[in-house]
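# Structural overview for review
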Amino acid sequence: MTEYFNEMFDGGKVRQPYGGLDGWMRDMPAELRAMKQAEAEALFRRIGITFAVYGEGGDPDRLIPFDMFPRVFTQTEWRKLERGIKQRARALNAFLLDVYGRGEIVRAGRIPARLVYQNEAYERAVSGFIPPRGIYSHIVGIDLVRTGPDQFYVLEDNCRTPSGVSYMLENREIMMRMFPQLFRENRIEPVDGYPDALRRTLASVAPAKCDREPTIAILTPGHFNSAYYEHSFLADLMGVELVEGADLFCEGGFCWMRTTEGPKKLDVIYRRIDDAFIDPLCFRPDSMLGVPGLMDVYRSGGVTICSAPGAGVADDKAIYTFVPEMVRFYLGEEPLLENVPTWQCAKPDDLKYVLDHLPELVVKEVHGSGGYGMLVGPKATKEQIETFRIKIKENPVNYIAQPTLALSTTPTFVEEGVAPRHVDLRPYCLVGEKVELVPGGLTRVALTEGSLVVNSSQGGGVKDTWVLAE
Amino acid sequence: MILTVNHVTTYDYDAPMGTAVQSLRLFPSRFDGQRTIDWSVAVEGGVKGGSFRDGAGDRVEGWSIRPPVEAVTITVTGQVETFDTSGVLRGHRELVHPMAYLRETVATWIDDALQELGESAIEGASDMLDRAHRLSAAVAEAIAYKPGVTHTHTTAAEALAQGEGVCQDHAHALVAAARAVDMPARYVSGYLFATEDGAPHEAAHAWAEIWVEGIGWIGFDPANECCPDERYIRLGSGLDAREAAPIRGITQGAGEERLDVTVALEQLQQ
């Protein structure tokens with residue numbers, strides 16, 4: 001039987017960060033809890049936050065369950081995490097700048113050329129281009145899991161357009177509305193500075209040609225996109241325009257936004273559409289979502305696109321293995337956050353190990369996301385394991401495997417009361433003139449008893465995440 | 001050799017169209033095999049956008065035309081002095097790692113026949129350079145020059161199956177066959193000056209470049225069974241014809257498009 005680290009209870013003792021929640025939990029009658037839960041749901045429905053976390057699919061109108069039991073970190077725990085996250089975000093950006101430039105890390109033999117340059121996410125179209133401040137990934141979402149008091153692992157990096165930050169903000173908003181006394185009794189670091197910080201970050205990477213206060217817009221694929229709510233929510237909070245491809249056009253080396261007062265020059269685009277759809281002239285010719293000519297404007301320094309096209313080559317699951325190496329190579333530091341040991345099925349030795357140990361391992365598709373196409377060995381039936389064995393043998397390059405991690409649990413409200421459920425954490429690191437991180441993130445929780453899959457499409461929910469002030 | 005170029009491309013529409021946006025790769029490459037004496041690119045009624053040199057060394061220029069657009073006319077005129085470098089792209093500044101040219105595209109998809117063509121071509125080759133020559137010869141052998149039997153969307157595999165095609169098909173097939181045997185390869189677009197006694201091939205031309213470790217990029221023109229020499233003007237490159245296209249454009253609207261291209265290359269008598 002695997003021992004799981006419970007973030008609140010150490011045997012019978014309550015761990016320090018959760019001291020302020022023990023009484024709250026015990027004093028809450030079942031009726032009050034049910035009432036509050038219904039209230040929370042009504043609030044979420046009213047604001048319309050019903051989208052699935054990006055790329056996870058599922059019913060876009062389904063509400064992601066919100067668990068009212070907060071997840072808590074001490075200031076000391078957080079400081080340590082923060083240093084590790086910032087370090088990783090810096091290294092990932094240094095890597096991107098390098099592989100679209102001279103490729104020193106490849107020349108030095110620290111990462112195989114094939115893995116980088118033959119990667120589907122490597123955009124030849126941007127090689128040789130240095131974006132403002134040399135930054136490719138301006139919002140880095142780093143998914144973390146915890147296995148012990150001091151033991152955190154990075155599960156994956158998201159360098160393109162990580163979503164879910166609106167949950168971080170809304171979860172807090174709703175908790176404060178429902179349980180104001182909790183926020184008086186506990187000193188909790190605020191997260192509502194995020195929209196301002198994001199705006200500052202985007203403004204700080206305006207092109208050199210911009211000689212005034214930069215005009216920023218969020219480029220969305222449209223209201224049918226599952227994360228549309230988040231796009232409009234962030235645009236609102238930042239006070240910037242929310243635009244679709246059809247609202248923009250390129251002329252004279254700049255990108256323009258159609259407004260009722262005539263065209264307005266755009267300096268920074270926070271795009272929430274994939275590389276392939278940005279510009280039909282450069283990428284997919286059948287894309288209706290992008291702006292024809294945008295890549296030429298971008299490459300000639302007329303507009304900044306965040307995250308930069310091509311940023312995805314840094315968050316590929318096959319590249320992931322090399323992130324600690326990037327930290328050493330570019331920063332000359334030891335990585336503060338650990339990777340999960342990973343077997344690449346493309347390597348014959350690794351493949352053999354994986355096939356021999358399937359019942360203990362988690363197997364993932366290299367390009368998969370959202371918990372689909374994944375095998376959790378210890379939870380799988382014999383039949384599921386055999387099906388996967390065939391799939392892996394047919395196309396080993398497509399799979400990686402990791403040990404099944406003993407994900408930490410936090411108390412979660414369930415039918416029978418309060419019970420431990422497994423959680424992960426996605427903080428959002430902003431990279432611009434400064435590298436910054438609001439104290440918190442999105443905690444996802446696997447609501448099904450014993451489940452280790454926190455993805456919303458697989459029955460996951462979300463929690464408010466607290467960082468206690470000193 | 002000093003070559004003068006007159007290249008006019010016209011897209012005519014049967015109904016007025018919305019905005020037209022162009023991305024042009026119509027500038028002679030800078031390397032030891034050519035020196036630009038004079039060059040101009042103009043889009044009638046167009047507004048010039050940003051221009052830059054990409055990681056592969058190509059100069060790219062954006063243009064747009066405001067609506068209503070009835071026709072798009074792109075005129076290229078210039079003079080280039082060319083030198084024979086035996087196909088070697090010497091002195092060309094670029095940054096893209098050769099391995100980025102091992103990736104397949106729809107047009108250069110490697111089917112069994114292309115794989116087989118590549119593998120049998122390099123059998124017994126003495127070194128990498130010899131391999132590249134043999135690959136080019138094999139493609140020339142497998143696909144006969146015949147205009148009108150293929151179109152712009154014909155893939156390398158389709159052209160090979162058909163056994164006939166034009167320079168685009170030769171170049172696609174060579175690129176695919178080289179990649180099939182793990183040699184980075186790319187599609188190159190440019191111009192070819194055909195002397196009176198030469199083969200009657202298109203003046204707007206395409207060929208392939210293969211990466212040979214120790215030497216660098218070398219051009220191969222299976223359509224003419226040679227390596228590019230002073231009769232060639234190189235413009236740009238890409239993974240396939242679409243990426244390397246000298247003109248990429250989008251015009252909004254539902255009108256029918258009619259394309260008219262004239263390319264005239266002349267040798268300046270000294």
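Definitions and cut-offs
- Residues numbered from 1 in each chain as written.
- Chains lettered and ligands numbered in written order.
- Predicted model: local features only at pLDDT ≥ 70, side-chain atom pairs only at ≥ 80, totals over all residues.
- Contact = placed C-beta atoms within 7 Å.
- Helix = DSSP H or I, 4+ residues; strand = E, 2+ residues; numbered from the N terminus.
- Nonpolar A, V, L, I, M, F, W, Y, C, P; charged D, E, K, R; others polar.
- Domains from an automatic or database assignment.
- pLDDT = per-residue confidence, 0-100.
- Pairing = 2+ DSSP bridges.
- Axes fitted to C-alpha atoms, helices over the stretch in contact; angles between N-to-C directions.
- Parallel < 35°, antiparallel > 145°, perpendicular 65-115°, else oblique.
- Buried ≥ 20, exposed ≤ 12 C-beta atoms within 10 Å, placed from the backbone.

- If you check an unreviewed UniProt entry, chain B appears there as Transglutaminase from Thioclava pacifica DSM 10166.

### Quick notes on the interface of chain B and chain A
- Across the contact, 22 residues belong to chain B and 25 residues belong to chain A.
- Of all elements in the fold, only strand E2 (20-24), strand E4 (47-53), strand E5 (59-65) and strand E13 (247-251) of chain B reach the threshold of two or more residues within the side of chain B that touches chain A.
- With five residues, the single largest contributor to the side of chain B that touches chain A is E4(B).
- Residues that form the side of chain B that touches chain A fall into these classes: 10 nonpolar, nine polar and three charged.

### Looking at the domain arrangement of chain B
Residues and elements named next belong to chain B.
- Domains assigned within chain B are domain 1 (2-82 + 247-267) and domain 2 (98-244).
- On a C-alpha basis, the centres of domain 1 and domain 2 stand 24 Å from each other.
- Contacts between domain 1 and domain 2 engage 17 residues on the former and 11 residues on the latter.
- Counting residues per element, the ones that place at least two in the side of domain 1 that touches domain 2 are strand E1 (2-17), strand E6 (69-82) and strand E14 (257-267).
- Of the residues that constitute the side of domain 1 that touches domain 2, the class distribution is 11 nonpolar, four polar and two charged.

### Section: the confidence of the model for chain A
- Overall, the prediction assigns chain A a mean pLDDT of 91, with 95% of residues at 70 or greater.
- Across residues 53-57 of chain A the pLDDT falls below 50, and counting only partners more than four positions away or on other chains, this stretch makes 15 contacts in the model.

### What about the domain arrangement of chain A?
- What the domain assignment reports for chain A is domain 1 (9-335 + 406-467) and domain 2 (341-403).
- A straight line from the C-alpha centre of domain 1 of chain A to that of domain 2 of chain A covers 27 Å.

### Quick notes on the sheet that holds E4(B)
Residues and elements named next belong to chain B.
- If you trace the four strands from one edge of the open sheet to the other, you get E4-E5-E2-E13, paired in antiparallel fashion. Among the strands making up the open sheet, the edge pair consists of E4 and E13. Averaged over all adjacent pairs, the angle separating strand axes in this sheet is 15°, with direction ignored.
- The sheet contact formed by E4 and E5 spans five bridges and is antiparallel. The residue bridging Ser51 from the neighbouring strand is Glu61, located in E5.

### Points about the packing of helix H8 (residues 194-203) of chain A against helix H9 (residues 228-238) of chain A
Residues and elements named next belong to chain A.
- Axis separation between H8 and H9 bottoms out at 9 Å; the angle between their running directions is 85°. As summarised for this structure, H8 and H9 are arranged roughly perpendicular, according to the angle between their axes. Across from Pro195, Leu198 and Arg199 in H8, the residues of H9 making contact are Leu234, Leu237 and Met238.
- The class makeup of the residues in the contact of H8 with H9 is five nonpolar, no polar and one charged.

### Side note on the sheet that holds strand E10 (residues 264-266) of chain A
Residues and elements named next belong to chain A.
- The three strands lie next to each other as E8-E9-E10, forming an open sheet whose pairing is antiparallel. Of all the strands in the sheet, just strand E8 (248-251) and E10 have a single pairing partner and so form its edges. Each neighbouring strand pair of the sheet contributes to a mean axis angle of 45°, computed without reference to strand direction.
- Relative to strand E9 (residues 254-257), E8 runs antiparallel, the two being bridged by four bridges. Following the sheet pairing, Cys250 is matched in E9 by Cys255.

### Details of the pairing of strand E22 (residues 442-446) of chain A
All names here are of chain A.
- For E22, a buried count of five out of five residues is recorded, marking the element as mostly surrounded by other parts of the structure.
- Burial along E22 is two-sided: the face carrying Leu442, Arg444 and Ala446 and the face carrying Thr443 and Val445 are both buried.
- Strand direction decides the pairing type here: strand E19 (residues 417-426) and E22, joined by four bridges, are antiparallel. Across the sheet, residue Arg426 finds its bridge partner in E22, namely Leu442.
- Inspection of the sheet shows E22 paired to strand E23 (residues 460-467) by four bridges, in the antiparallel sense. Across the sheet, the residue bridging to Thr443 is Lys463, located in E23.

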